[in-house]
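Summary of structural features
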Amino acid sequence: MSIELLVSKQNHDGGWPYVNGRSWTEPTAYAVLALIAGGKSEPAARGIQWLRATQRPDGGWAPQTGVDDSTWVTSLVSILPPEHLGPGVHSRAIEWVLKTTGKESTLTYRIRERLLGNPRSPESQFPGWPWVPGAAAWVGPTSISILALCKENHRKGSPELRKRIEEGQGFLLTRMCLEGGWNHGSVRALGYESHPYPETTGMGLAALRGVASPKVDRALAVAKSFLAECHSADALNWLRLGLLAHRQLPPGYCPPAQIAYRTLPETSLDLLVSSMEKGNGPIWG
């Protein structure tokens, strides 16, 4: 899909749907990022207006209007440049991200586990981010939250930002599968070692941009293997971004022609990563 076709999919209220219908926060944030990278200021501004109007009182965003709770999509919106989103709106969003953590990292949960006599797992040493507040942390929302905070730290560094970034990156490194890369959540499930997935491996690598370690090298090798055989648009988008973050994307790489981009987030992220391959993209800061 071209950027012009992406513009044609914009709803009258300024937001975007996943495919058709009502506007949702996730596809709108991805579309605005792609449009900013592509220099399409007018439709991007309309999307920003929709996002400003739907920010919740706590500084976060719900998946769509009518939902009462702010969720992980707040981190995605926080990647948008503050000069576009608005300094006040952006600052409140970053504060929401900073104060959100997985339930296994909360004091109440740790006290309960100690009273029950359960030893603390090494995987719970570092706090990550959940999809929904009050739930456990997962690789996907943790990676996107790190991207948002890294960009903010690059713009306006602070000890609080650096500490939370390091904690999140520690979460990812302790959750890496034995063979390299990442599953969606735990290293082990039901007594079995978890195997990595391409999309979460790309996400994890993107969030570990600038981190050098043997674990990252192992994940990069897994990502390159996935890239050669993957036929999922979402997975290829994140693999490209993760490899690009470490300057390991093969020169001149093009996704296979038969890849189907079925949703607006898939299309927008493809356009965004393509712009970033040319050195033009609003994710890194």
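See the structure printed just above.
Okay, so let's go over this structure. (Residues numbered from 1 in each chain as written. Predicted model: local features only at pLDDT ≥ 70, side-chain atom pairs only at ≥ 80, totals over all residues. Heavy atoms only, no water.)

Some points on the environment of A137
Tracing the chain through its elements places A137 in strand β2 (residues 137–138). When its relative accessible area of 3% is taken as the criterion, A137 is described as buried. Taking the C-alpha atoms as reference, A137 lies 7.0 Å from T101; in sequence the two are 36 residues apart. (Helix = DSSP H or I, 4+ residues; strand = E, 2+ residues; numbered from the N terminus. Buried < 20%, exposed > 50% of the residue type's maximum accessible area, 1.4 Å probe, protein only.)

As for the pattern of salt bridges
In this structure the tally under the stated criterion is 7 salt bridges. E4 is the partner of K40 in a salt bridge, and the nearest nitrogen-oxygen pair spans 3.7 Å. Of this pair, K40 sits in the loop between α2 (25–37) and α3 (41–54) while E4 sits in helix α1 (residues 3–8), placing them 36 residues apart in sequence. By relative accessible area, which is 47% here, E4 ends up partly exposed. With a shortest N-O distance of 2.9 Å, E152 and R155 are connected by a salt bridge. Of this pair, E152 and R155 both sit in helix α8 (residues 139–155), 3 residues apart, which is roughly one turn of that helix. Judged by relative accessible area, which is 6%, E152 ranks as buried. (Salt bridge = Lys/Arg side-chain N within 4 Å of Asp/Glu carboxyl O.)

Focus on the packing of helix α11 (residues 214–229) against helix α12 (residues 233–245)
Taken N-terminus to C-terminus, the directions of α11 and α12 make an angle of 140°; their axes are 10 Å apart at the nearest point. The angle between the axes of α11 and α12 places the two elements in the oblique class. In the crossing of α11 with α12, the sense of the turn from one axis to the other is left-handed. Counting all contacts with α11, which are made through L220, A223, K224, F226 and L227, the residues of α12 involved are L236, L239, R240 and L243. Its residues assigned to classes, the contact of α11 with α12 comprises 7 nonpolar, no polar and 2 charged. (Axes fitted to C-alpha atoms, helices over the stretch in contact; angles between N-to-C directions. Parallel < 35°, antiparallel > 145°, perpendicular 65-115°, else oblique. Left-handed = near helix turned anticlockwise from the far one by under 90°. Contact = heavy atoms within 4.5 Å. Nonpolar A, V, L, I, M, F, W, Y, C, P; charged D, E, K, R; others polar.)

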